Every structure is written in C-alpha cells, then in structure tokens.
Amino acid sequence: MTDSRDTPPDEAAARNALLALRTEIGKSVVGQDAVVSGLVIALLCRGHVLLEGVPGVAKTLLVRTLSAALALDFKRVQFTPDLMPGDITGSLVYDARTAEFEFRSGPVFTNLLLADEINRTPPKTQAALLEAMEERQVSVEGEARPLPDPFIVAATQNPIEYEGTYQLPEAQLDRFLLKLNVPLPPRDQEIAILSRHAHGFDPRDLSAIRPVAGPAELAAGRDAVSRVLVADEVLGYIVDLVGATRHSPSLQLGVSPRGATALLSTARSWAWLSGRNYVTPDDVKAMARPTLRHRIALRPEAELEGATPDGILDGVLAAVPVPR
C-alpha cells in the first residue's frame, strides 16, 4: 500500500496497483477475475454491487479479501426477517451517566459493507440501506451523518431460493451500479480449490493477503477516469442501446436514463483499466450486461419461453448498429 508516501500515486501507478488486485485476491479465491474487475469498477464509479450466486461460491470470501487487499474497513451484516433499520444505520441510545442521548453508529459506517442475503429482510430495512447507499449519509433526529469515503455496498442474493424472501423491486434494483453473477467454478478450478484446502488453506485466515492499493490509488483512479474522453458517436450508441430495450417486445420495463449514465460511467472505468483515455464501442459492449441486466424486466410470456435478461441484451447488442 502507498498511503505512507508524501506524493499521491500517478495515473499509471494507480492503474497497476488496482490491476494487481486480481493476483492478490487469487491467493484466497480461485478464478472470479470478472467479479473482481466489477468490484474495482464499482469503487472507481462510487457505485454499489449486487452479487448473485448460489451458496458456497465464495461471495463473502471474495469481498473480505478485496477489503484486505485494499486496506479498507470491512463489515458484514447477515440480513434476516427480524433485522430493523437501526441495526444497519445506527440509533440514538440513552446514556444514564450523562442523561443524554448519544448516537451509536451502525455497520453501514464502513468502507466496504457486505449485505449478505439482502432479499431476506423486509422492505423497510432494505429501504434504509438503499437510502444510505444513495444519499451516502444517515439522518437521525434531523441530523445528517456522512458515511466514509470510499463507501461501497456489496449485497448478495441467492438466485434459486425464494421462500421467506422479499424480492427487491425494480426501483431499488436500479440503485445498484452493477449486478455480477458469481458462477460455479469449472472442473479445473474446482480441483484447484480442493487442492488448496487439502494443503491446509483456511478461508478465515487472510494474513497472507497484503495491501496492494488503497484510498490514494482509488482517488487517483477516479480522477483519471473523469478525464477519459467519450466521443459523441459513442454517447449516441449508448442512447440507442438503452432505447432499444424500451421498445423490445420481450420487455415490460426498459433501461432508464439512470441506467444510461451508469453504462457511461462503467465503460469509462473499463477503458481506463484497459490503458486507454477514450471509450470505444467495445468498452460499452463489455459493460452492458453487468450494468443493465438488473434494470430490465421481462414480460411473463417471454419468461415462459425461456428468455433471460442477458439473452435479451445480447440481442439488443447484435441489433443496434455500432458506430465506426
């Protein structure tokens, strides 16, 4: 980590440090490079991430390892049906010694918050977290308390278990910058996972993970991303893509203008991580599915026919002309 240096890291050093996260996280998590890249892009864009995958694919370990490799404060909340909003944001507590109420901050006051199984808690508690995500502050008794910077929520949900869950409505899903699918590992990677455990790997021990980047590198990266150029033709391409989702016969809800600005932000971050200071249509294509898949809603008849959000987006990407 480079916090001890007197001068901030330059653009190239910041990029190299953030790209080194894949190697460092690989000490604990096999594969999942695409998910790591998505989390880094979310940090660069000041956005939040929804991780979807079946239990046991190292979602929690991945986020814990990322926080260690970035030297960021990390907290985890297990969402349950009896979780109250104050359990996340914090609340006023009466102090008998001073005869006054004092604010005790909740776990949301951190850099990297893992909201585990967010769909297992009622809408009121979900809304409290999503408000903090959007406003980046917590208001109690009329007083606003800002959250730390950087601040990112990585929320998880199980794609196949629906009993006892509260599905996030589209308006709240739209608050997440990215939805990243965490897949089951292929055979060779699963053999590598078993080999590590056979040789004594302990997923609870992250002492081998060293900080390779930190807030200084993130700040330098954000500044560099803000200077990435976007041609008018690429802006038009983004608008045409999201417009096509609004007219797709398979969708009852297309991408909103917020989704278009999110795609612009993620494409700029992807371009910068790729070593360029300008966005190409390929950058937009690379980020379209993770940025937009949770911002569209399929018609029931399309779902019955086996359509998926990613499949619909693939069709849109194939149909919309690419600028030259």
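As the structure is a prediction and not an experimental result, all values here were calculated from the model. Per chain, the residues get numbers from 1 upward, laid out in the order the sequence is written. In keeping with the predicted nature of the model, local features appear solely for residues at pLDDT of at least 70, side-chain atom pairs appear and are counted solely at 80 or more, and the whole-chain, interface and lining totals rest on all residues. Water and hydrogen atoms play no part in the side-chain values, which are based on all heavy atoms of the structure.

### Focus: the overall build of the chain
Within the chain one finds 14 helices and 11 strands. With C-alpha atoms as the basis for the radius of gyration, the globule rule is written as 2.2 Å multiplied by the number of residues raised to the power 0.38. Expected size for 324 residues packed as a compact globule is a radius of gyration near 20 Å; at 21 Å, the chain falls within 12% of this value. Each principal axis of the C-alpha atoms in the chain carries an extent, and together these give about 70 × 45 × 45 Å. Any two residues whose heavy atoms approach within 4.5 Å at even a single point are treated as in contact. Nonlocal contacts in the chain, meaning residues at least 24 apart in sequence, comprise 80% of its contacts between residues at least 6 apart. Secondary structure elements are taken from DSSP: a helix is a run of H or I of four residues or more, a strand is a run of E of two residues or more, and numbering for both begins at the N terminus.

### As for the pattern of salt bridges
By convention in these notes, a salt bridge is any Lys or Arg side-chain nitrogen within 4 Å of a carboxyl oxygen on Asp or Glu. The final tally for this structure, using the stated rule, is 19 salt bridges. Linking arginine 145 and glutamate 143 is a salt bridge whose minimum nitrogen-to-oxygen distance equals 3.3 Å. Relative accessibility decides the category of a residue: with a 1.4 Å probe and only protein chains considered, values under 20% of the type maximum give buried, values over 50% give exposed, and everything between is partly exposed. Owing to a relative accessible area of 17%, arginine 145 belongs among the buried residues under this scheme. When salt bridges with common partners are traced through the structure, they connect Glu11, Arg15, Asp223 and Arg227 into a single cluster.

### Thoughts on the nonpolar core
Among buried residues, those of type Ala, Val, Leu, Ile, Met, Phe, Trp, Tyr and Cys that are joined through side-chain atoms within 4.5 Å constitute a nonpolar core. Ranked by internal contacts, the top residues of the largest apolar core, which has 67 residues, are Leu18, Leu21, Trp272 and Val284. Looking at this core, the element that brings in the most residues is helix H3 (residues 33-45), giving eight residues. Source of the domain bounds: an automatic or database domain assignment. For this core, the two domains that each supply at least three residues are domain 1 (11-194) and domain 2 (228-319). Here leucine 18 is in contact with Val40, Leu44, Leu70, Ala213, Glu217, Leu218 and Trp272, once residues within four sequence places are set aside. Residues Phe79, Leu83, Leu113 and Leu130 belong to the second largest nonpolar core, which totals 24 residues.

### Some words on the sheet that holds strand S5 (residues 112-116)
We treat two strands as partners when DSSP finds at least two bridges between them. Taken together, the five strands give an open sheet; going across it, the order is S2-S5-S8-S1-S9, and neighbouring strands pair in parallel fashion. Every interior strand has two partners, whereas the edge strands, strand S2 (74-78) and strand S9 (178-181), have only one. Put simply, the sheet's adjacent strands are angled 20° from each other on average, direction ignored. Pairing geometry for strand S1 (residues 49-52) and S9, over four bridges, is parallel. Bridge pairing links leucine 51 to leucine 180 in S9. Its contacts with the sheet put helix H4 (residues 59-70) on S1, S2, S5 and strand S8 (152-157), and the angle it makes with S5 is roughly 170°. To get an axis, fit a line to the C-alpha atoms, keeping to the stretch in contact for a helix; angles then go from 0 to 180 degrees between the N-to-C directions.

### Describing the UniProt feature "domain: ChlI/MoxR AAA lid" (unreviewed entry) in the chain
UniProt positions are given in the numbering used here, feature names are shortened, and annotations may be inferred rather than shown by experiment. Under the UniProt annotation, "domain: ChlI/MoxR AAA lid" (unreviewed entry) lies at residues 244-313. Taken as a whole, residues 244-313 contains 60% helix and 7% strand, while its terminal C-alpha atoms sit 9 Å from one another.

### Some points on the domain arrangement of the chain
By the assigned domains, the chain splits into domain 1 (11-194) and domain 2 (228-319). The gap between the C-alpha centroids of domain 1 and domain 2 is 24 Å. Taken together, the 20 residues of domain 1 in the interface contact 19 residues of domain 2. Here the quantity called buried area is the total loss of accessible area, with a 1.4 Å probe, experienced by two parts when brought into contact, counted for both. Surface buried jointly by domain 1 and domain 2 totals about 1800 Å² across both partners, of which 62% is contributed by carbon and sulfur atoms. Applying the counting rule to domain 1 against domain 2 returns two salt bridges. Residues aspartate 174 and arginine 258 are paired through a salt bridge, measuring 2.7 Å at the closest nitrogen-oxygen approach. In protein, a polar contact requires one atom able to donate a hydrogen and another able to accept it; more generally it is a pair of N or O atoms within 3.5 Å, and residues adjacent in sequence count only if both atoms are side-chain atoms. Taken together, the connections running from domain 1 to domain 2 amount to 10 residue pairs in polar contact (both at pLDDT 80 or more). Those elements that place two or more of their residues in the side of domain 1 that touches domain 2 are helix H1 (11-19), H3, helix H7 (170-173) and S9.

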